[in-house]
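Results of the structural survey
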Number of protein chains: 2
Amino acid sequence: MSGIHDFIQSNLPRIESCLNETVADLNPLVKPVVSHILEAGGKRLRPMLCLLTARALGYEKDDIYPLAAALELIHSATLLHDDVLDQAELRRGKITAHLVFGVNEAVLAGDALLARASEMVTAYESLPLMRSVSRAIYWTAAGEIQEIQQLKNPSLTVDNYLEIVEGKTGYLLQTCCQSGAIVAGASEVLERSARLFGLNLGIAFQLVDDALDYSMSPTSTGKPKGGDLREGKLTLPLIFFLQQLETRKQEELLSKMKNRDLASHEQQAIIQAMEDLDLSQKTRAESERYLQIAREALHNFPNSKERLLLGEVLEYIKDRQD
Amino acid sequence: MSGIHDFIQSNLPRIESCLNETVADLNPLVKPVVSHILEAGGKRLRPMLCLLTARALGYEKDDIYPLAAALELIHSATLLHDDVLDQAELRRGKITAHLVFGVNEAVLAGDALLARASEMVTAYESLPLMRSVSRAIYWTAAGEIQEIQQLKNPSLTVDNYLEIVEGKTGYLLQTCCQSGAIVAGASEVLERSARLFGLNLGIAFQLVDDALDYSMSPTSTGKPKGGDLREGKLTLPLIFFLQQLETRKQEELLSKMKNRDLASHEQQAIIQAMEDLDLSQKTRAESERYLQIAREALHNFPNSKERLLLGEVLEYIKDRQD
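Residues numbered from 1 in each chain as written. Chains lettered and ligands numbered in written order. Predicted model: local features only at pLDDT ≥ 70, side-chain atom pairs only at ≥ 80, totals over all residues. Heavy atoms only, no water.

**A closer look at the nonpolar core**
Residues A:L49, A:F197, A:L238, B:L49, B:F197 and B:L238 are the most contacted members of the largest nonpolar core, which totals 229 residues. Those residues in contact with A:F197, other than ones at most four positions away along the chain, are A:L49, A:C177, A:A294, A:A297, A:L298, A:L310 and A:L314. (Core = buried A, V, L, I, M, F, W, Y, C linked by side-chain atoms within 4.5 Å. Buried < 20%, exposed > 50% of the residue type's maximum accessible area, 1.4 Å probe, protein only. Contact = heavy atoms within 4.5 Å.)

Encoded structure:
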């Protein structure tokens, strides 16, 4: 997988410098909050997908970097808000921003980032681009909302959950690929393929993430195994677990999760039972369906080095262990 | 003032129906939160200013209503977030949304509204319009941020405060008038006049609002007199009050406000002292400077019925008692 590694290495400095320039220009109160969330790192998956799609579809100019950076900023803004809403304590091993700087600061930094990112996108003077980004922001919020709503509903099905994932993770990744296609002036058919590729890659990415939460060692996630269970998050591995319980036990577990009333030994027992049932693996198997749709969408792209790299991204998601 | 009253009466149903259509289309979890904040009412000042400016500059088509409604939705989104951040309990006599529906719901409803409003603006296919709206959202958040920041700074000057007001209230009202001008295809000079008019009207509006907080009867505001003092908000009347205290007393009061440690009898004594010093009136006098700049900007508009009505809005702001 050195191809994608080389691509990231050679493009990351440009992305980081766009991010740093934007941060430097923010209000002094927001600046440290935004720096904190950006320094937590992550894979810069969103900018890389925008860049790779644009290059794969023949766009060679360098003025695409601020757009790629804007997409990362939108992602960071949603992380700031999510961590407040989830009352999360750690993100990638670092104390979350709202605990370091305060809830008000984290909420407003998210608002300011969303607005600033929209402004950066406006500079491209493309209405389809603006529309795609506004919609992605709306659907990301709507996905989070649905997630909260579903926690109050004990009969969450796999389909409901996939709809939530489509919203909270899929649409922004769809927009990352679509925006690369728009900037490249791609045909309608290719733009549609880029959308399909991004959306399905996004769903698969989230499902693998959910699987990893129950299978990784604490050192690599920066948080203990089963963090989603502790935070009361209903993800696919846990839905599978609930499905094989009898109704009374289902209701008992959901009610304890909702009230954050699950004792530590109960959590451990559930996590162990899930391991015995191999539910992380079952979740990864589910993600394969979406990876396959993404692979097929990619076939429509013209042959290029970057098309191969986009294919590598899919394999990276499939196999990732951290 | 029947002219402006008639204008509002004849245009309000169209604005309300656009607002209702947008709400109907939102995610079921967000819908009641947004309805709650919209039903708290208010004067729909922002849509009316957009509409009046567009009409004054010769735009006659009815496709402007969704834009006017989008500006009200942006305002509503900022109110939802502000009330969370201020831990406010009442807005216009109604329990605030985060207390009725939950903090998470209120934050996400705000996010979803901002994104949906941006999408509505995108439909006008005008980049200057998009840019103006994105900037207004950014500056509104930045103004709020500065407000929080300044509370930590005991030496807040009148100039610092006016800068905050420019951000948290002025820029969105500037964008309301500017967007009416953009839709009307106004010349650069007229668009600039519309911006100046909106910004200065906005600053004056906020200052009168600050003055009213210390001078109104509880029945008309829906909250007790001096609510800003209780919520730890440093507004212009209180800055005037602080200015005539000796340094030690200033620091004592600010520290008590910051820690929400001001006893009820102390609050009453301060409110009474401020009344004796006529600081509400002094604040209103300060707003007159901005009203005058707005009046002058309005002189550049061509003569029309709506120009007269925009002038009436300024007089309404000057004289308003609730």
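**Structural notes on the interface of chain B and chain A**
Counting residues at the interface gives 36 residues for chain B and 36 residues for chain A. Interface of chain B and chain A: buried area, both sides summed, is about 3,600 Å²; carbon and sulfur atoms make up 67% of it. Of all residues in chain B, B:L108, B:Y138 and B:I145 give up the largest surface area on contact with chain A, accounting jointly for 19% of the area buried on that side. Where chain B meets chain A, there are four salt bridges. The salt bridge partner of A:R135 is B:E119, with a shortest N-O separation of 2.8 Å. For the pair chain B and chain A, the interface holds ten residue pairs in polar contact (both at pLDDT 80 or more). Contributing elements (two or more residues each) for the side of chain B that touches chain A: α4 (65–85), α6 (103–122) and α7 (127–151) of chain B. Ranked by residue count, the leading element in the side of chain B that touches chain A is α7(B), at 14 residues. For the side of chain B that touches chain A, the class distribution of residues is 17 nonpolar, nine polar and ten charged. (Buried area = accessible area lost by both parts, 1.4 Å probe. Salt bridge = Lys/Arg side-chain N within 4 Å of Asp/Glu carboxyl O. Polar contact = N/O pair within 3.5 Å; in protein donor to acceptor, adjacent residues only side chain to side chain. Helix = DSSP H or I, 4+ residues; strand = E, 2+ residues; numbered from the N terminus. Nonpolar A, V, L, I, M, F, W, Y, C, P; charged D, E, K, R; others polar.)

**Comments concerning the relation of the copies chain B and chain A**
Rotating chain B by 180° and moving it 0.0 Å along the rotation axis overlays it on chain A with an RMSD of 0.0 Å. Such a combination of rotation and displacement between the chain copies is what one expects of a two-fold axis. In this assembly the copies share their binding face: 100% of the residues contributing to the interface of chain B also contribute to that of chain A. (Least-squares fit on C-alpha atoms with pLDDT ≥ 70 in both.)

**Quick notes on the confidence of the model for chain A**
All names here are of chain A. When pLDDT is averaged along chain A, the result is 90, and 96% of the positions lie at 70 or above. The secondary-structure element of chain A with the lowest mean pLDDT is helix α10 (residues 218–221), recorded at 54, while helix α3 (residues 45–56) shows the highest, at 97. Listed scores for the predicted complex are pTM 0.85 and ipTM 0.76. (pLDDT = per-residue confidence, 0-100.)

**Regarding the packing of aromatic side chains**
Within this structure, the stated rule accounts for four aromatic pairs over all chains. Ring centres of A:Y138 and A:W139 lie 5.3 Å apart, and the angle between their planes is 80°; this geometry places the pair in the edge-to-face category. Under the relative-accessibility criterion, A:Y138 is labelled buried at 2%. Assessed through its relative accessible area of 37%, A:W139 is described here as partly exposed. Feature note: the residues A:Y138, A:W139 and A:Y171 constitute an aromatic cluster, connected by ring pairs. In this structure, A:K282 packs its charged tip against the face of A:F240, placed 4.3 Å from the ring centre. Taking NZ or CZ as reference, B:R116 lies 4.0 Å from the ring centre of A:Y138, over its face. (Phe/Tyr/Trp six-rings, centres within 6.5 Å; stacked < 30°, edge-to-face > 60°. Lys NZ or Arg CZ within 6 Å of the ring centre and 35° of its normal.)

**Thoughts on the side chain of B:E147**
Residues and elements named next belong to chain B. Locating E147 in the fold gives a position in helix α7. A polar contact of 3.0 Å, which involves the side chain of E147, links it to the side chain of K168. Excluding residues that lie within four positions of it along the chain, E147 makes contacts with I164, K168 and K233.

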